[in-house]
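Single-letter residue listing:
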Amino acid sequence: MVIALIRSELPRMSDSLRKVGELVLADPTAATRGSAAELGRRTGTSQATVTRFCHALGLDSYQHLLIELAQEQGRSQGEDGGGPLSPVLGPDIGPDDDLDHVVAVVAQADLRALRLTLDQLDRESLERAAQALARARRIDVYGVGGSGIAAREAEARLFGIGCAARGWTEVHAAETSAALLTPSDVAVAISHSGTTREALDPLRLAAERGATTVAVTSDPRSPIAQAADIRLTSASAETSFRRGGYGTRHSVLLIIDCLSARIAQLTYERATAAVALTAHIADRHTARARRR
């Protein structure tokens, strides 16, 4: 999903690279007609800049970009079929757009982010993280703001399958917990930008204590990613009124879902016992209609 990748990477690019990215986003088909040198001229940059733009996306060359764009356009046409999730939709919602357009833009953004996350998710890293979490004596999850919601969700899902997990959304409490970790523990930092100090500082402290560290971020080159033993990359689903961490929430939850499912599989007896022991609790708190 190279279009979604360009959108997520664009804010971190230099001005010259951003010019190339903006032109590609504005009209992917027209932007790739011709050579890299021609695209450079149309953006007021150069062929070398176009090449650097491709490398910034993790692509080998301009030809690789052309192939990715062509394949994505083919997938979009096949999957969307010209319906309400038509590939012509962008991320913008205007003041005069009707409700159908709003719903379609939001749904398309989320679906594309999930597909990109799935495509780029490193299976080896996911397995390493799941194995470490399954063995962990204790699990810390750090996140603030929108990532704090994901941290609490990770706590709930891991706790529900028998893991000793806790989501920390306040930096002093997070660092206190990190200082008490051991090499038998795992710390997970969730941050869209990968630069949030409230997640980075406890992660670094956890690493100093010998704990295995995991980063969930949209930027694999960010400080949080570089500080972690294991990196899992999410994708953004930005639209009007939904930027940054809010646009990546579904992608992060997909990663958490994959982790919790694999951990439950790895700790099958413990996980199934935990589910069985707690299954009745929700039913006890369900309000049922009175019989007449």
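Just so it is clear, the model here is predicted, and its values are computed rather than measured. (Residues numbered from 1 in each chain as written. Predicted model: local features only at pLDDT ≥ 70, side-chain atom pairs only at ≥ 80, totals over all residues. Heavy atoms only, no water.)

Student: Looking at this structure, how should I read helix H8 (residues 123–135)?
Tutor: One turn of the α-helix equals 3.6 residues, which is why residues spaced by three or four share an orientation. The end-to-end C-alpha distance of H8 is 18 Å, a good match for the 18 Å that 13 residues give at a rise of 1.5 Å each. Along H8, the residues classified as buried are Ser 125, Leu 126, Ala 129, Ala 130, Ala 132, Leu 133 and Ala 134. Contact partners of the buried residues in H8: strand S1 (139–142), strand S3 (186–190), strand S4 (212–217), strand S5 (230–233), helix H13 (249–266) and helix H14 (268–284). Sitting at the amino-terminal end of H8 is Asp 122, which places a side-chain oxygen 2.9 Å from the backbone nitrogen of Glu 124. (Helix = DSSP H or I, 4+ residues; strand = E, 2+ residues; numbered from the N terminus. Expected span 1.5 Å × (residues − 1). Buried < 20%, exposed > 50% of the residue type's maximum accessible area, 1.4 Å probe, protein only. Contact = heavy atoms within 4.5 Å. Polar contact = N/O pair within 3.5 Å; in protein donor to acceptor, adjacent residues only side chain to side chain.)

Student: What should I look at first to understand the packing of aromatic side chains in this one?
Tutor: Pairs of aromatic rings are described using the distance from one ring centre to the other and the angle between the two planes. Using the criterion set out here, one finds zero aromatic pairs in the structure. Here Arg 166 stacks its cationic end above the ring of Trp 168, 4.2 Å away from the centre of that ring. (Phe/Tyr/Trp six-rings, centres within 6.5 Å; stacked < 30°, edge-to-face > 60°. Lys NZ or Arg CZ within 6 Å of the ring centre and 35° of its normal.)

Student: Is there a simple way to explain the sheet that holds S4 in this structure?
Tutor: Strands belonging to one sheet form pairs held by backbone hydrogen bonds; the direction of such a pair is parallel or antiparallel. On the basis of which strands lie adjacent, the open sheet formed by five strands has the order S2-S1-S3-S4-S5 and parallel pairing. Since the sheet does not close on itself, it has two edges, and those belong to strand S2 (165–168) and S5, each with one partner. Here the strands of the sheet are splayed against their neighbours by 15 degrees on average, with no regard to which way each runs. On top of the sheet, H13 reaches S3, S4 and S5; it is set at about 130 degrees to S5, its chief contact. (Pairing = 2+ DSSP bridges. Axes fitted to C-alpha atoms, helices over the stretch in contact; angles between N-to-C directions.)

Student: Just to check I follow, could you spell out the pattern of salt bridges for this structure?
Tutor: Note that side chains of opposite charge can pair when their charged atoms are close. Taken as a whole, this structure holds eleven salt bridges when the rule is applied. A network of salt bridges, in which partner residues are shared, links Glu 9, Arg 12, Asp 219 and Arg 221. (Salt bridge = Lys/Arg side-chain N within 4 Å of Asp/Glu carboxyl O.)

Student: Looking at this structure, how should I read the nonpolar core?
Tutor: A general tendency of soluble globular proteins is for nonpolar side chains to be buried together. With 31 residues, the main nonpolar core has Ile 139, Val 188, Ile 190, Leu 232, Leu 259 and Ile 263 as its most contacted residues. The set of elements that each furnish at least two residues to this core consists of H8, S1, helix H9 (146–159), S3, S4, S5 and H13. Sequence-distant contacts of Ile 190, that is, excluding residues within four places in its chain, are made with Val 141, Tyr 142, Gly 143, Ser 147, Ala 150, Ala 151, Ala 199, Val 216, Val 252 and Ile 256. Formed by 25 residues, the second largest nonpolar core is a distinct cluster that contains Ile 3, Val 24, Phe 53 and Leu 66. (Core = buried A, V, L, I, M, F, W, Y, C linked by side-chain atoms within 4.5 Å.)

Student: Honestly, the confidence of the model for the protein chain in this entry has me stumped. Any pointers?
Tutor: Should pLDDT be low for a region, the predicted coordinates there are not to be read in detail. Of all residues in the protein chain, 88% have pLDDT values of 70 or greater, and the mean over the chain is 86. Under a pLDDT of 50 for its full length, residues 80–88 has, in the predicted model, 16 contacts with residues more than four places off or in other chains. (pLDDT = per-residue confidence, 0-100.)

Student: Could you clarify how one ought to interpret a negative patch on the surface in this entry?
Tutor: The grouping of Asp 96, Asp 97, Asp 98 and Asp 100 at the surface amounts to a negative patch. Along the chain, Asp 96 falls in the loop between helix H6 (62–80) and helix H7 (99–120). (Patch = residues over 30% accessible without salt bridge, like charges linked within 9 Å, V, L, I, M, F, W, Y side chains within 5 Å. Areas by Shrake-Rupley, 256 points an atom, 1.4 Å probe, with all protein chains shown as cover. Lys, Arg positive; Asp, Glu negative; His and termini not counted. Charge placed at Lys NZ, Arg CZ, Asp CG, Glu CD.)

Student: Can you walk me through the side chain of Thr 217 in this structure?
Tutor: Checked against the element boundaries, Thr 217 lands in strand S4. In terms of polar contacts, Thr 217 uses its side chain to reach the backbone amide nitrogen of Asp 219, at 3.2 Å.

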